Amino acid sequence: MACMSHRGCMMGHGKLAIGLAVALVASVAAAGEFFGVLPAATFDAAAPTIDKTLGFGWGEEITDPDQVLKFSQALAAGVPARVRLLEYGHSMEGRPLVLLVLGSPANLPRWDDLQNRLARLGDPRLVNASQAEAAIRELPAVVWIQCSVHGDEASGGDAGLALAYYLAAGSGPEIAQVLDNAFVVIDPMENPDGRARFVGSTRRARGLRPDPDPSSAEHVQPWPGGRVSHELFDLNRDWFALTHPETVGRVNAMLRYHPMVVADLHEMGAEMGYFFAPPAEPRHPLLTGEETTLLDVLGRANAAAFDAHGFRYWTRELFDEFYPGYGESWPAFTGAIGMTFEQASSRGLVVALRDGSQLTYGETVQHHLLAAFTTCLTTASNRARFLHAWYSFRQSAVAEGQKGPVHAYVIGEGKETMQAAELAELLARQGIEAFRVAEGREGIATGAFVVPLDQPLGRLARALLERGASMGPAFEKEQERRDAKRLPDEIYDITAWSLPLLFGAPARPLQALPRGLVMEPVKPGSLPAGSVAGDGKVAFLLPWEGGASARALARLLREGVKVSVASKPFTLAGRQYERGTIVIRRAGNGDNLQERLAEAARETGASFVGTDTGYVDRGIDLGSTNVFPLKAPRIALAWDTPTAAFSAGDLWYALELYFGYPVSVVRTSTLARAELSRFDVIILPDSWERGGSYAAVLGEEGVKRLASWVGEGGVLVAVGGGAGMLTGEKVGWLASKLENRLGSEVPPEKGKPAGPAEAKPPAERAFDYDSAVRPSEEDPAAVPGAILRVELDAESCLAAGFPGGSVDVLVGSRRIFTPLKLDKGTNVGIYAASDKLVQSGFLLKASREQLPNKAYLMLQPLRRGKVVAFADDPATRGFTRASMLLLANAVFFGPAY
Ligand SMILES: [Zn+2]
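Sequence order as written defines residue numbering, which begins from 1 separately in each chain. Whole-chain, interface and lining totals are the exception, using all residues; otherwise, since this is a predicted model, local features are given only for residues with pLDDT of at least 70 and side-chain atom pairs are given and counted only at 80 or more. Hydrogens and waters are ignored; side-chain quantities use all the structure's heavy atoms.

1. Digging into the pattern of salt bridges
(1) Moving on: Salt bridges are defined by distance alone: a side-chain nitrogen of Lys or Arg within 4 Å of a carboxyl oxygen of Asp or Glu. By the definition in use, this model includes 45 salt bridges.
(2) Moving on: The salt bridge involving Asp296 is made with Arg300; its shortest N-O contact spans 2.9 Å. With Asp296 and Arg300 both in helix H12 (residues 290–309) and four residues apart, the pair spans about one turn of that helix.
(3) Moving on: For each residue, the accessible area found with a 1.4 Å probe, counting protein chains only, is set against the maximum for its type, and the residue is called buried under 20%, exposed over 50%, and partly exposed in between. A relative accessible area of 27% places Asp296 in the partly exposed class.
(4) Moving on: Exposure remark for Arg300: the relative accessible area of 58% places this residue in the exposed category.
(5) Moving on: One salt bridge connects Arg481 with Glu478, and the closest N-O pair in it is separated by 2.9 Å. You can see Arg481 and its partner Glu478 sitting in helix H18 (residues 473–484), three residues apart, about one turn around the helix.
(6) Moving on: Classification of Arg481 by relative accessible area gives partly exposed; the value is 41%.
(7) Moving on: Connected via shared salt-bridge partners are Glu153, Arg227, Asp234, Arg237, Asp493 and Arg877. Each helix is a run of H or I in the DSSP string that is no shorter than four residues. Each strand is a run of E no shorter than two, and both are numbered from the N terminus.

Structure follows, in C-alpha cells:
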C-alpha cells in the first residue's frame, strides 16, 4: 500500500514500520472502497486527493488541525468552481477556524447574493406570504455539517473533509442533486485546540503497530483530554454563553449563512454503535411542530441508508434537545432542524470490541460520512419543505411575540444596570434584537433594557430570559420514581440556565410596550463605558456592584494602584455605600490617578465617584481601621489530576478572562513541593471524587505543607471536591461534614417502638422491605443543574456586592455540607428555605428536603490564614456571573482582613 512511505515521512523516518501496520489495519480505507458507502461517483483526477496532500488515505490516520486546514485549503484552491473556504475566526490558541462551502458552479458565484435573499426570507416582517413563496421556490437550502466540537471525537472531522472531497471532486446524479438544490457548509473542526491535544497524545503513545487494546495509552488520554477547549470548557455547552472565540465565530457565521439543517458530529463509547435523530425526551417546549416531523424524515432517511449497509444504529434513547446551548439546539432556536450524530469511538486507529471484532478509525469516518451525506441529500431532495419549515418557524416566532402572553422582557430596572447591559449585549451578539431605553415611559426606567419577543429569534430570547422551562410532568415524575429505586436520572444536562437569574439582573415580562418609549438598539461588542465623577480631592470610591467593579479592581491591582476595601457600609454626600466599596485615596497614588481611573472606567464599565473629604455622613469614615488595604494577590490554581477539568477551566476563565487577573496554574502534584510562600491565594477546583483523591495526590507531606502555608496567613479557596478534602479526618481544616442522604444514617429499626415482640400482632412484625433495602452511608440525591437561592450573611465581606442579601447559584452535584458551628467559622451563604430554594429547574423531592439551610459558602480561620469553601463551582460554564462575584470576593478580599 502506497501510504507506507508517506506515513513514514509524517511520523519521522525512524518509525517506517508503523506505516505498514496502519495500512493493514485500515485497509477498509482504500480509496475506492472508502466512498463505496455513498452513491457511485466518478472523481475528477485533477482534484487534490488526501494521499497527494497529506500522504495517507481516508481514515488511515487521524488528521491533526494543521492537516485539516491544509487539505481544506488544497481542495478550495483545486476545485474553485464548487468549493469556497471561509475563515470565521481563531481558536483560543490561535488556530484558524474555517468553513468549506460547497455548491454547484452555477450557485457558488451567487453565494453572497443568495445569502442576502435568504436573510430577507428569514425576517418575516419584511416579506409577505406571496413573496415568501416565490423565494422558497427559487432559493437553495443550506445544510450545515459541523465536526468534532469535542476534540477527541475525531472521526467527524475526517468525515467532513471526505464529504467535501466527494462533493467537490465527484460526479453523479446524487451529487448533482445536492449541489443544485443546496449549499453544504462544512465546519471540519470546531475545536482545533482540543483536537491537537488528542491527536498528539494518541500518536505519541503509538508503538510499532496501532494497539487495539482499549487500555493501551493511545486510547487513554492524560488530563484534561482532548474533549475540552484550551480553557477547558465544553464548547458544546457554550452556544448562548459565548465565552470562547470559537463559539463567537460560529454563531456569527450561522447568523450570516442561514442553515435550515444542522448536523453536529460527535463520538461516544466504543461499544455503542451509531446514534442519529430523532433526539431523546425532553425537547425544549418551544421547539415543536413541523420540526418534529422533519426530524422524523431525516431519521428515516438515515435509517434506510444504514440498513442498506447493515450498519447498526439507534435513536431517541439518549441525547436530548432541552438545553439551548448545544451545537444542535441553539441552531434549532433559529429555525434550523438541529441534530446530534454520535459514532462509537475507536479513540485511536483501531479498538477491540467485546464481541471479539475490531472497530477501525476508517469505519467510524465512513459511518459519519454516510449520515452526513444522507442528510445533505434528504435536505436537497426536500428543499422547498425545509426552506418553508425554517421560514415558518421564524414567522410563528414573530406572531407568538405579538399575540402571546409575553410581548417583551425588561431587564435592569434596579441597580443592576451594568449586569443588565452585559446580558443585553450577550443577546445582541447572538442575533437577538435588544434595546436600551433612552427615554423611559410608564414605569420603564431610562437606562433599562428591553427585549421584544416579536422577532425572528424571539423564541431564543424567551428561552434564555424566562424563568425556566418544564421538562414535562410525566418526565419529572419518572425521575422521582427512578430516584426511589436509586436508578440514575435520565437528565442529560442541566435543567436551568435562566440568564437574568444567573447574571443577577432580574427580568420582568411585559404584555405590551408603552407608546412613546424611545429605544436604541444594543450593538454587539459595545458595553456602556463607566465614568469618573468629581475631582476626588481626597479619594475616589468604586461601589462593589458586579463584574464591572471586579474588572476595574483587578486592573488597578495589576497596575499597582493602592486601594482599600470598606468592610462596613457608610453614607457620604447623601449616597449610601455598601460594604465592599473600594476606596482609592489620592495620597500615595501619584499625580495621574484621575486619568488612570478614567481609562479603567472606559475599559471595564465601572463608575468611580470622587470625594473631597474622608468624613462621612453616617457609618465608617474613609480613614477607619475598618477600611482594609488590599494587596495584589498572587494566585495559584490547582491543575491536573485530580481536579475536574471543567471546574479548573471555569475558575481559570473567571479570573483571567472575565475579571482580567492573572493566575499561576500549578499541577496539584507540584503544589505538594512548590515554594508556597510565593502565593497569597491557592484555589483547589472541584474534583470528581468526594475529595480523597486530592489528599492522595498531595500526599501526607504536601497536605502538611499546605496546612503550614494557611497557618502563616494563606487563603485557601476550595470548591466542591476540593472542599470535601478539607473536611476529611486526615485533613480536618473545615469543620463541616459531607452529609449522607437523609435517612441513610438511621439504622432501619431505629425509631420504631420497642417492646416485647409477642405483644405485637403478627402484621406489625412483618418484614419492612423498604427499610431493609434502603442503602446506608449513601451520597445525597443528585442535583441535576438547578438554580437555587443562597441566603448570604450580610456582615461578611465575602458576601459583598449583594445588597439584597441573596444570590442565585447553579448547583449540580451530590455534595451537601453541614453548616459550620458558630465557634468554628462563618456560614457566608446557606441554601434558602424550601419555599424559596428552587428559583429555576428541577430538583428531586429528596434534595428539596435535605438542602435548605445547608452550607454553600463557608469561611473558617486557621491560625493566621483562612479557608474559604464553596459547596459547588461558582463559575460554571463562565455564565454564572452573579456567583462569580463571590469568587472575586474570596480572592481579592479574602487576604485583606
Ligand atoms: Zn461529543
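2. Quick notes on the environment of Pro524
(1) Moving on: Relative to the helices and strands, Pro524 is located in the loop between strand E18 (518–521) and strand E19 (531–533).
(2) Moving on: Its relative accessible area of 52% is what places Pro524 among the exposed residues.
(3) Moving on: A C-alpha to C-alpha distance of 45 Å links Pro524 and Glu739, two positions 215 residues apart in sequence.
(4) Moving on: Here, residues are in contact when the closest pair of their heavy atoms is within 4.5 Å. Among residues more than four places away in sequence, those in contact with Pro524 are Glu425, Ala428 and Arg429.

3. Description of the side chain of Gln860
(1) Moving on: Structurally, Gln860 is set in strand E36 (residues 855–862).
(2) Moving on: Judged by its relative accessible area of 7%, Gln860 falls in the buried class.
(3) Moving on: Of the polar contacts made by the side chain of Gln860, one reaches the backbone oxygen of Trp733; its length is 3.2 Å.
(4) Moving on: Residues contacting Gln860, with those up to four places away along its chain left out, are Trp733, Leu734, Ala735, Leu820, Lys824, Gly825, Lys866 and Val867. Between N or O atoms, a polar contact is any pair within 3.5 Å; within protein, one atom must be a potential hydrogen donor and the other a potential acceptor, and residues adjacent in sequence are included only when both atoms are from side chains.

4. Side note on the coordination of the zinc ion
(1) Moving on: Here the zinc ion is held by His150 (ND1), Glu153 (OE), Glu153 (OE) and His266 (ND1), and the distances to it run 2.0 to 2.7 Å.
(2) Moving on: Here the donor residues for the zinc ion map to a single chain with the spacing H-x2-E-x112-H. Of this pair, His150 sits in the loop between strand E4 (141–147) and helix H8 (155–169) while His266 sits in strand E7 (residues 261–268); the two residues are 116 residues apart in sequence, bridging distant segments of the chain. Of the two residues examined, His150 and His266, each falls in the buried class. Donors, by definition, are the N, O and S atoms found within 2.8 Å of a metal, the threshold being 3.2 Å for Na, K and Ca, and water is not counted, so a site can look incomplete.

5. Let's talk about the sheet that holds strand E25 (residues 607–611)
(1) Moving on: Spatially, E19-E25-E20-E24-E21-E27 is the arrangement adopted by the six strands of the open sheet, whose pairing is mixed. With partners counted over all chains shown, the strands left at the sheet margins are E19 and strand E27 (627–630), one partner each. Across this sheet, the average inter-strand angle for adjacent strands is 30°, counted without regard to direction.
(2) Moving on: Relative to strand E24 (residues 582–585), strand E21 (residues 563–566) runs antiparallel, the two sharing two bridges. Paired with Ser564 across the two strands is Val583, which belongs to E24.
(3) Moving on: Structural elements are reduced to axes, namely lines fitted to C-alpha atoms, with helices fitted over the stretch in contact, and the angle between N-to-C directions of any two is expressed from 0 to 180 degrees. Strand contacts of helix H21 (residues 593–604): E19, strand E20 (539–542), E24 and E25, with the helix running at about 140° to E19, the strand carrying the most contacts. A pair of strands counts as paired when DSSP detects no fewer than two bridges linking them.

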